[in-house]
Amino acid sequence: MAWTSYQLFLAGLMVVTGSLNTLSTKWADTIKSVNSEGHLVHFVHPFLQACSMFVGEFSCMYAFFVVYLVFKRRGGRERLEASNLTNGNLRFNPLIFLAPAMCDMIGTSTMYVGLNLTYASSFQMLRGQCRLQAVQYLNSPVPTGPWRHYEYM
């Protein structure tokens with residue numbers, strides 16, 4: 001399967017933004033601040049960093065609802081059903097996202113603890129190796145879709 005230029009652009013964009021995420025998180029770990037006792041200490045708060053990242057991810061839901069409302073006001077039901085963005089059943093229990101979100105939060109927080117203990121380059125390589133070993137452990141084939149390059153960077 002040949003990649004389109006759009007797929008290559010998205011894969012490259014995801015690699016760049018993922019690397020920027022790791023570098024900015026590691027940079028935040030190197031910042032020093034005066035604490036409440038008056039001592040100069042490093043900013044070592046991996047759980048706060050993970051929560052901040054999830055607030056940013058959650059804000060994407062606001063963008064979806066803005067697009068949904070614009071489509072609903074301008075074109076009515078026909079426009080909502082015609083768009084790939086808003087097509088489908090929007091009546092669901094939001095608690096179905098609770099378990100995967102909690103697992104993701106625990107995993108991200110644990111990874112940020114590891115990032116505090118190592119260099120960013122080592123962190124990226126270890127993260128990729130853990131994913132490869134998970135694929136090997138689960139006896140599933142290595143993904144060959146358009147997102148495979150991002151998953152193993």
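See above for the structure.
Here the structure is a predicted model, which is why all the values come from computation and not from measurement.

1. Brief notes about the overall build of the protein
- A count of helices and strands for the protein gives 5 helices and 2 strands.
- When the elements of the protein are put in sequence order from the N terminus, they spell out α-β-β-α-α-α-α.
- Within the span of the protein, comprising 153 residues, buried residues form 20% of the whole.
- In the protein, the proportion of contacts linking residues at least 24 apart, taken out of those at least 6 apart, comes to 54%.
- Working note: accessible area of the protein is about 11700 Å², and carbon and sulfur atoms make up 67% of it.

2. Examining a nonpolar patch on the surface
- Nonpolar side chains collect at one region of the surface, where Phe-58, Met-61, Tyr-62 and Phe-65 lie side by side and expose about 450 Å² of accessible area between them.
- Tracing the backbone through its elements, the reader meets Phe-58 in helix H2 (residues 46-82).

3. Notes on the nonpolar core
- Counting 8 residues, the largest nonpolar core consists of Ala-50, Met-53, Phe-54, Met-105, Tyr-112, Leu-115, Ala-120 and Phe-123.
- Listed by contribution, the elements that provide at least two residues to this core are H2, helix H3 (98-116) and helix H4 (120-137).
- The contacts of Phe-54, once residues within four sequence positions are left out, are Ala-101, Asp-104, Met-105 and Thr-108.

4. Observations concerning the packing of helix H1 (residues 5-30) against H3
- Running from N to C, H1 and H3 point in directions that differ by 60°, and their axes come no closer than 10 Å. When the axis of H1 is compared with that of H3, the two are oblique. The chirality of how H1 crosses H3 is right-handed. Along the contact surface, H1 presents Asn-21, Thr-22, Thr-25, Lys-26 and Asp-29, while H3 presents Tyr-112, Leu-115 and Asn-116.
- For the contact of H1 with H3, a count of residues per class yields 2 nonpolar, 4 polar and 2 charged.

5. Details of the side chain of Thr-108
- Considering the arrangement of structural elements, one finds Thr-108 in helix H3.
- Each residue touching Thr-108, except ones within four places of it in the same chain, is listed here: Ala-50, Met-53 and Phe-54.

6. Structural notes on H3
- Taking 1.5 Å of rise per residue, 19 residues should cover 27 Å, and H3 covers 27 Å from first to last C-alpha, within 8% of that figure.
- Among all positions in H3, only Met-105, Thr-108, Ser-109, Tyr-112 and Leu-115 are buried. Buried residues of H3, seen end-on, are gathered within an arc of 115° and therefore sit on one face of the element. Away from the buried face of H3 by more than 90 degrees, exposed residues Ala-99, Cys-103, Ile-106 and Thr-110 are located.

Calculation criteria
- Residues numbered from 1 in each chain as written.
- Predicted model: local features only at pLDDT ≥ 70, side-chain atom pairs only at ≥ 80, totals over all residues.
- Heavy atoms only, no water.
- Helix = DSSP H or I, 4+ residues; strand = E, 2+ residues; numbered from the N terminus.
- Buried < 20%, exposed > 50% of the residue type's maximum accessible area, 1.4 Å probe, protein only.
- Contact = heavy atoms within 4.5 Å.
- Areas by Shrake-Rupley, 256 points an atom, 1.4 Å probe, with all protein chains shown as cover.
- Patch = residues over 30% accessible without salt bridge, like charges linked within 9 Å, V, L, I, M, F, W, Y side chains within 5 Å.
- Salt bridge = Lys/Arg side-chain N within 4 Å of Asp/Glu carboxyl O.
- Core = buried A, V, L, I, M, F, W, Y, C linked by side-chain atoms within 4.5 Å.
- Axes fitted to C-alpha atoms, helices over the stretch in contact; angles between N-to-C directions.
- Parallel < 35°, antiparallel > 145°, perpendicular 65-115°, else oblique.
- Left-handed = near helix turned anticlockwise from the far one by under 90°.
- Nonpolar A, V, L, I, M, F, W, Y, C, P; charged D, E, K, R; others polar.
- Expected span 1.5 Å × (residues − 1).
- Arc of directions from axis to C-beta.

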